[in-house]
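Chain by chain, the residues run as shown.
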Amino acid sequence: MGINSKPVVFALLSAVVILIGTVVTVFVPLFMPSTQPVSSYVKPYTAVELEGRDIYMREGCNNCHTQTVRPLRTEVLRYGEYSKAEEFAYDRPFLWGSRRTGPDLNRIGGKYPDSWHYKHMQSPQSMFELSNMPPYGWLAANRLDISNSFRKTSIQGFGYTADQVKQQIADYKARVTASGYDSKATRDLVTPANLRGELTEMDAMIAYLQKLGRDVKSLGAKR
Amino acid sequence: MKDTGYEYSVVRGFAFSALFWLVVGLIVGLWIAFEMFNPALNITPWLSFGRLRVVHTNGLGLGFGLAGIFATAYYMLQRLTRTPLPFPRLAKAHLYLFNIAIALAAVSLMAGMNTTKEYAELEWPLDIGVVILWVMFAINVFAILIKRQEKQMYISLWYLIAMTVTIAVLYIVNNLEVPVTLFKSYSIYAGANDANVEWWYGHNIVGFIFTVPVLAMFYYFLPKATGLPIYSHRLSIVSFWSLIFAYLWTGAHHLMLTPLPEWIQTVAIAFSIFLIAPSWGSVMNGYYTLQGNWEQMRSNYLAKFFIIGITFYGLQTLQGPLQGLRTLNAFFHYTDWVVGHVHMGTMGWVTMIISASFYYMIPKVTGRELYSVKLANVHFWFILAGQLVWTITMWIGGIQQGAMWKATNPDGSLMYSFLDGLTSLYPYYRIRFGAGVVYFIGILIFTWNLIQTVRQKPATAEA
């Protein structure tokens, strides 16, 4: 065959051949509305939720947890409404996951109170003796680094001003450090005394977890 | 060293780098396999499962896999073109920078600098490093092909060209990110599109790191080791072009029943089933090459690495497409079945072919006899036994977990909690860990055999 003696032609032909499937299945869909539906009931992450999401990514939580409920009867029974594309409009990167060592988290928002999460993250085994989830108590011993929070929401294109981001952070801090906070007892148990008046990485992680699926549930409640 | 000025120190350097990262990657694998049934080993954030799993996949895929590919590629390119490497100092720089990059990659991942996109988790500064290293490699690839003395390019060179071109496209497109800080970035894609790009990448990076260049090794080292020509040149042409064409359409079989548009999923299934044909073209070509000479399976210690290896490739390329079918996917997705599938390919096909290729190549490039054929045989049986128990245990575990997720009581309610499904797998995780230890011992024997080979005095005769 002629091209077996023409390496540059061969390489170019190979490039064309591999780009055909690429263009059809990947590039063209990038410009189709069906891969990026927009819905008004899906809200972007707040600055604190986004910080929590970044911690989720840093710890590799996606290696054990998925965030995609499939349209299968027993799956919907276990987790709730199946996942729709528009829910992930603000997910950069996506966190659909590929393995369930732990349960799917797409609808975890609002399922448990904050106190459940503080206890569980600090020691999964204290609540489920046979759980193989690593303990994450040290998240509560890390002050939340908010020096890049505004920059992050800007890059994500959420449209917040610097003041709005400041306010979101202040509001969430006020919420979890208030004396009347419904999860104060458990939060104080897992948070070192010198950080109880501050936002910790665990606070942010829980803020993120409580956001997952919340928009869909509130839509269901409205109906 | 000897010969006609071929650059072999780089071949040797990459081969031993591959062995080093293989051992490291397997130690990490054993650590996380233990953590799966006993979380006590999550002693610090740097050793937690979520971070270490990524070190394992990247360390073995990019560390061991790419090093083995570079070692055999630099060898095959020179031998098949009958031309010395045009830029040997560039290749040496490639070798040193590669190992520094992998070390930095491992450390950065343990520190949590993780984009979460599978097999593309390295943050953007290291991504740039990977691209630079790939360009360094590609320069030598194309320079030697253009300067070659042997006019017709043999099959293995086609696969190496396709790999060089495709990995560049895959890696760059999927790693397009907007930096936030020096160590953190966000994907330019969002939601379903990000998923689609990621799994186009994820499947094809496996295809073009674990299949295409390993087929290049297979087509070169099998004839060399057995003295038998590949059965059908025509079949190899058809297999090559249909393989590299079809592979790129199949990524979305990783996204069955997700919110990705259905047509992309269905197209992926169709091409995945089609992909069985070109894959089995190589399997058939391999088996028929031994036609009339099957006694080599007994008399030639290398023959079994190639034939059992290509058998696992054949099984893998049947199992994979079938997993894409919606009914089966609904059952197996997210379970350990898929983990079993991955490891039959990596521990079965890839490792066996690289093992045999190294056993053939290292004596040639160092002018020594292999230290021990007997140890090579022990290595073979250990990795075969370890891998089979590992894989089959995970298939069983996957079926069990999938079934428990779906089980309902007569009144329609779920029979098992999620935790029930997980804890029922612990006995399998323990067996898997034991199988991993057996496999690891086989790899240690392999490494020892090659180290002892080069520690010998050089043979007096020309290789």
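Enquirer: Which residues make up the interface of chain A and chain B, and what values go with them?
Expert: Counting residues at the interface gives 66 residues for chain A, matched by 70 residues for chain B. Those elements that provide at least two residues to the side of chain A that touches chain B are α1 (7-30), α2 (47-58), α3 (73-79) and α6 (149-156) of chain A. At 14 residues, the largest contribution of residues to the side of chain A that touches chain B is made by α1 of chain A. In terms of residue class, the side of chain A that touches chain B is made up of 33 nonpolar, 22 polar and eleven charged.

Enquirer: Requested: an account of the nonpolar core, with residues and values cited.
Expert: Within the largest apolar cluster, 160 residues are counted, with the highest numbers of intra-cluster contacts made by Tyr-74 and Phe-306 of chain B. Residue-level mapping places this core at the junction of two domains, with at least three residues from each of domain 1 (2-31) and domain 2 (37-222) of chain A. Residues within four places of Phe-306 of chain B in sequence aside, it is in contact with Phe-218, Leu-222, Ala-225, Gly-286, Ile-353 and Ala-356 of chain B.

Enquirer: Go over the packing of helix α3 (residues 88-110) of chain B against helix α4 (residues 124-147) of chain B with me, naming the residues and quoting the values.
Expert: Residue and element names in this part refer to chain B. Taken N-terminus to C-terminus, the directions of α3 and α4 make an angle of 155 degrees; their axes are 10 Å apart at the nearest point. Classified by the angle their axes make, α3 and α4 are roughly antiparallel. As α3 runs across α4, the sense of the crossing is left-handed. Where α3 approaches α4, its residues Leu-90, Ala-91, Ala-93, His-94, Leu-97, Phe-98, Ala-101, Leu-104, Ala-105 and Ser-108 are matched on the opposing element by Leu-126, Gly-129, Val-130, Leu-133, Met-136, Phe-137, Ile-139 and Asn-140. Across the contact of α3 with α4, the residue classes break down as 14 nonpolar, four polar and no charged.

Enquirer: Go over the confidence of the model for chain B, please, and point to the residues and values.
Expert: Of all residues in chain B, 98% attain a pLDDT of 70 or more, and the chain-wide mean is 96. Reported for the predicted complex are a pTM of 0.96 and an ipTM of 0.96.

Enquirer: Could you give me a rundown of the pairing of strand β1 (residues 177-181) of chain B, with the residues and numbers involved?
Expert: Residues and elements named next belong to chain B. Sheet topology places β1 next to strand β2 (residues 184-187); four bridges connect them, and they run antiparallel. Residue pairing for β2: Glu-177 is matched across the bridge by Ser-187. Linking β1 back to β2 in an antiparallel pair, the connection comprises two residues.

Enquirer: Outline the environment of Ala-103 of chain B, supporting the account with residue identities and numerical values.
Expert: Residues and elements named next belong to chain B. By secondary structure assignment, the location of Ala-103 is in helix α3. Note on Ala-103: 14 C-beta atoms within 10 Å, which makes it partly exposed. With 44 residues separating them along the chain, Ala-103 and Gly-59 place their C-alpha atoms 8.8 Å apart.

Enquirer: An account of the domain arrangement of chain A is needed here, citing residue identities and associated values.
Expert: Segmentation of chain A into domains returns domain 1 (2-31) and domain 2 (37-222). Each of domain 1 of chain A and domain 2 of chain A has a C-alpha centre, and the two are 41 Å apart.

Enquirer: I'd like to hear about unusual backbone geometry, residue by residue, with values.
Expert: The linkage connecting Arg-92 of chain A with the following residue, Pro-93 of chain A, adopts the cis geometry, with an omega of 0 degrees. Phi is positive for Tyr-119 of chain B, which is not a glycine, with a value near 65 degrees. The topology assignment puts Tyr-119 of chain B in the loop between α3 and α4. For Leu-257 of chain B, which is not glycine, the phi torsion reads 65 degrees and is therefore positive. Residue placement: Leu-257 of chain B occurs in the loop between α7 (233-247) and α8 (262-274).

Calculation notes
- Residues numbered from 1 in each chain as written.
- Chains lettered and ligands numbered in written order.
- Predicted model: local features only at pLDDT ≥ 70, side-chain atom pairs only at ≥ 80, totals over all residues.
- Contact = placed C-beta atoms within 7 Å.
- Helix = DSSP H or I, 4+ residues; strand = E, 2+ residues; numbered from the N terminus.
- Nonpolar A, V, L, I, M, F, W, Y, C, P; charged D, E, K, R; others polar.
- Core = buried A, V, L, I, M, F, W, Y, C linked by C-beta atoms within 7 Å.
- Buried ≥ 20, exposed ≤ 12 C-beta atoms within 10 Å, placed from the backbone.
- Domains from an automatic or database assignment.
- Axes fitted to C-alpha atoms, helices over the stretch in contact; angles between N-to-C directions.
- Parallel < 35°, antiparallel > 145°, perpendicular 65-115°, else oblique.
- Left-handed = near helix turned anticlockwise from the far one by under 90°.
- pLDDT = per-residue confidence, 0-100.
- Pairing = 2+ DSSP bridges.

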